Amino acid sequence: ASAAVIDALRPLDIQVPAGELLNALDHAARRADAALRDMVQANPALDGMGTTLTALLWSGSQLGLLHIGDSRAYLVRDGEVFQITQDHTLVQSLLDEGKITAEEVASHPQRLLLLRALTGSHSSRPDLQLRQVRPGDRYLLCSDGLHVVAPPEAISRVLLTVTDPDQAAADLLAQALEGGAPDNITCIVADINT
């Protein structure tokens, strides 16, 4: 599923006008969903597969953000780290409703249950955001393989102190591995320099 989604995103590897960022991301998500649907129709044994997706598309001073699932995007600005996506999980919805506490999230038996993902069924739409970028901004895109095992303060420490984005991503990956990451681990760190 992930490979099909990446293929559907490849057409975005061109210059997209700032006013079209969200439309381009939305169309890419629809292409990805259609590709997954076609795969299931061709091979019914694949029914039930799905993937999360968090993607950034930048043009000028604008950044488009597409998000579905429990991968995350973080923004580092002015010495602070902000999670700018919200997990589409059962535990996040329970937390939002005040039915569990933040401390209960990590040990909840259904903490990995996704409520939204790309599955080819058109049943879940991704969140889309248009954001203003500033020189000096830093973005982290990561899969749950990082944030499930690395405490928020450890992620923040790396993002705030490791100046090279490639080294920051490598350090975050090492933290996830040391923490016994139960899932795949993806970390991308991007700095806005212009």
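Up top is the structure these notes are about.
For clarity, every value in this text was computed on a predicted model and none was experimentally measured. (Residues numbered from 1 in each chain as written. Predicted model: local features only at pLDDT ≥ 70, side-chain atom pairs only at ≥ 80, totals over all residues. Heavy atoms only, no water.)

Engineer: Sorry if this is basic, but what is going on with the layout of surface pockets here?
Structural biologist: Picture a little ball the size of a water molecule; that probe, rolled over the atoms, points out where space is still empty. Empty space within the largest pocket amounts to approximately 1100 Å³. The wall of the largest pocket is formed by 39 residues, among which Leu53, Thr54, Ala55, Leu141 and Ile188 lie closest to the centre. Listing elements by their share of the lining of the largest pocket, those giving two or more residues are helix H1 (2–9), strand E1 (53–59), strand E6 (138–142) and strand E7 (187–191). It is E1 that contributes the most residues to the lining of the largest pocket, 6 residues altogether. For the lining of the largest pocket, the per-class residue count stands at 23 nonpolar, 9 polar and 7 charged. Lining the second largest pocket are 25 residues, with Arg72, Val105, Ala106, His147 and Val148 sitting closest to its centre. (1 Å grid on protein atoms, 1.4 Å probe; cavity = no way out; pocket = protein on both sides within 12 Å on 5 of 7 lines; lining within 4 Å. Points joined across faces, edges and corners; volume = space filled by probe spheres on them. Helix = DSSP H or I, 4+ residues; strand = E, 2+ residues; numbered from the N terminus. Nonpolar A, V, L, I, M, F, W, Y, C, P; charged D, E, K, R; others polar.)

Engineer: What exactly am I supposed to notice about the sheet that holds E1 here?
Structural biologist: The 3 strands are arranged E1-E2-E5 in an open sheet whose pairing can be described as antiparallel. Each edge of the sheet is formed by a strand with only one pairing partner; in this case those strands are E1 and strand E5 (127–132). Recorded for the sheet is a direction-independent mean angle of 15° between the axes of neighbouring strands. Summarising the sheet, strand E2 (residues 62–68) and E5 pair through 6 bridges and their orientation is antiparallel. Bridging from a neighbouring strand, Leu63 pairs with Arg131 of E5. Against the sheet, helix H2 (residues 21–42) touches E1, E2 and E5, its axis set at about 25° to E2. (Pairing = 2+ DSSP bridges. Axes fitted to C-alpha atoms, helices over the stretch in contact; angles between N-to-C directions. Contact = heavy atoms within 4.5 Å.)

Engineer: Whenever I open this one, the pattern of salt bridges confuses me. Can you help?
Structural biologist: Pairing between side chains of opposite charge can happen when the charged atoms of each approach one another. According to the stated counting rule, one finds 9 salt bridges in the structure shown. With a shortest N-O distance of 3.0 Å, Asp26 and Arg125 are connected by a salt bridge. A residue pair is termed long-range when its members are at least 10 positions apart, and Asp26 in helix H2 and Arg125 in the loop between helix H4 (102–105) and E5 qualify at 99 residues. For Asp26, a relative accessible area of 15% translates into the label buried. Its salt-bridge partner being Asp78, residue Arg134 comes within 3.3 Å of it at the nearest N-O pair. A residue pair is termed long-range when its members are at least 10 positions apart, and Arg134 in the loop between E5 and E6 and Asp78 in the loop between strand E3 (72–77) and strand E4 (80–83) qualify at 56 residues. One salt-bridge network, held together by shared partners, links Asp26, Arg30 and Arg125. (Salt bridge = Lys/Arg side-chain N within 4 Å of Asp/Glu carboxyl O. Buried < 20%, exposed > 50% of the residue type's maximum accessible area, 1.4 Å probe, protein only.)

Engineer: Mind showing me how you'd approach the side chain of Gln62 here?
Structural biologist: Secondary-structure assignment places Gln62 in strand E2. Residue Gln62 is classed as buried on the basis of its relative accessible area, which comes to 15%. For Gln62, the residues in contact, after removing those within four places along its chain, are Ala18, Leu21, Leu57, Leu130, Arg131, Gln132 and Val133.

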